[in-house]
Amino acid sequence: MTGSLATDLPDLDLIVDPDVLDSLSHDDAEWAPAGRPVGAVRARSTEEVSAVVAACAARGIPVIARGAGTGLSGGANAVDGSLILDLTRMNKILEIDSDNMIAVVQPGVVNDDLKAAVAAHGLWYPPDPASAPWSTIGGNVATNAGGLCCLKYGVTRDYVLGLQAVVGGPAGAYGTAVRLGHRTTKGVAGYDLVSLFVGAEGTLGIVTEVTLRLRPARAAAPRTVVGAFDSIVAAGDAVAATTRMGLLPTALELLDRACLQAVEEWKHLGLSATAEALLLAQIDTPGESGQSEADALAQVFRDAGAQWAEQSTDEFEAEALFAARRLAYPAMERLGPVLTEDVCVPRSAVPTMLASIEESAARHGVAIATIAHAGDGNLHPLIRTPVGDEVAREAAQAAFEEILAAAIGLGGTVTGEHGVGLLKRRGMRQELEGPALAMMQAVKQTLDPQNLFNPGKVVGDPDLP
């Protein structure tokens, strides 16, 4: 099969080396299954992506797009007999339009590289997943990634004005490149197909170019407020109280003791892990108004039972704390296999959800550390098991499913930003009503009648778990 593809695609970088293919066949969700691809191509242009898709469609070879592989749901994992389309070499920033505050980029551009490039023009791209130093814009678009600043500034979908995608189905033969959306601030001509592609995890086509909305750069560094709590539920109470008070920090992050210790043992940032949980907040309102908000937030933390709550006057200390938040997942991953949750609940339900997670850990006898974009209710319990312990692995899976059910029961969702991929298919079916699922499956079948693009993911196969 790969021989015939090589004949049709003689000028492309076709990879068949087993070790390289293995490294490209899965993302960071180590609990998600991965199949055996027949090959991989490192594309450099929309034209090359079109050629690959057309050749694969002619042979019935599924196509799975991937970026940096930082996903945590198995959304970029290979299926047997598929071809992996690696987009990391499509890493050009094609345009920065300062007058209209937009950027046009290829999908392989790294999030932090885009931030640095637009900052030189006095602009800012707010979406900032914890993986921003490594994850690509294409992957962020695929999962509608959020991050630390999304509480105030929104998620990836809020910044995607337009895109180019290689598709099939009603748009034409497989391999057709189509432009969707616009460059203007407003635009409602027809259905919002751009938003449909954002978060679709590559199941509707391959995104090869993205037009992004930018914001003016912030004039000053945000103020940082830190609160230390003797229980993770007390920290959750402070989150709920912040919402009740009408405060809207730029970021409101939770980090428990286990995560802090794991980061400190790895990176030696000089962090003390004496509290059971920390809340890290940033406020970027300028001037006296910003100071008043910071004072009010610190008081909310104290009133909710914080051991202490202080405003950091040391920029390096503040950066170390937020660096610890970003490093929490890889730090825990170093200690053993991690099954990562991504539930999101109404902000008022954060304390109840955190208590439910603790109860699940105790009931199933598993270690669960927790980090969270707490301000918007997006919690990331990290279920860790010893290497090779199948009993612990089964207990972790049971706790995982129980946490999903608890989030749904509180009016929440099984995924806030990591995507459905493979790990959340069962949970999504529990969350959504049958008619809604049927509509989604109809969209997939209409836009991808050959089931060529990332088959089995998101809506998946109804017969699969």
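Scroll up a little and you will see the structure.
Residues numbered from 1 in each chain as written. Predicted model: local features only at pLDDT ≥ 70, side-chain atom pairs only at ≥ 80, totals over all residues. Heavy atoms only, no water.

S.K.: Any chance you could explain helix α8 (residues 232-244) here in plain terms?
M.R.: Side chains that are three or four residues apart share a direction in an α-helix, a result of its 3.6 residues per turn. With 13 residues, α8 extends 19 Å between its outermost C-alpha atoms, agreeing within 8% with the 18 Å of an ideal straight helix rising 1.5 Å per residue. Within the sequence span of α8, burial applies to Ile232, Ala234, Ala235, Gly236, Ala238, Val239, Ala240, Ala241 and Thr242. Contact partners of the buried residues in α8: β12 (223-229), β13 (251-256), β14 (277-283), α10 (287-303), α12 (350-364) and β18 (367-373). A positive phi of about 75° marks Gly246, the residue just after α8. (Helix = DSSP H or I, 4+ residues; strand = E, 2+ residues; numbered from the N terminus. Expected span 1.5 Å × (residues − 1). Buried < 20%, exposed > 50% of the residue type's maximum accessible area, 1.4 Å probe, protein only. Contact = heavy atoms within 4.5 Å.)

S.K.: Looking at this model, I keep getting lost on helix α3 (residues 46-59). Mind explaining?
M.R.: The end-to-end C-alpha distance of α3 is 20 Å, a good match for the 20 Å that 14 residues give at a rise of 1.5 Å each. By the burial criterion, the buried members of α3 are Thr46, Glu48, Val49, Ser50, Val52, Val53, Ala55, Cys56 and Ala57. At the exit of α3 stands Gly60, carrying a positive phi of roughly 70°.

S.K.: Please explain the environment of Ile232 as it appears in this structure.
M.R.: When you line up the elements, Ile232 lands in helix α8. Accessibility expressed as a relative area gives 9% for Ile232, which makes it buried. In this structure the C-alpha to C-alpha distance between Ile232 and Leu278, which are 46 residues apart in sequence, comes to 8.2 Å. Those residues in contact with Ile232 that sit more than four places away from it in its chain are Leu254, Asp256, Ala277, Leu354, Glu358 and Thr370.

S.K.: Explain the side chain of Thr203 here, please?
M.R.: Among the structural elements, Thr203 can be located in the loop between α7 (193-197) and β10 (206-213). For Thr203, a relative accessible area of 7% translates into the label buried. Leaving out residues up to four positions away in the same chain, Thr203 has contacts with Lys444, Asp448, Phe453, Asn454, Lys457 and Val458.

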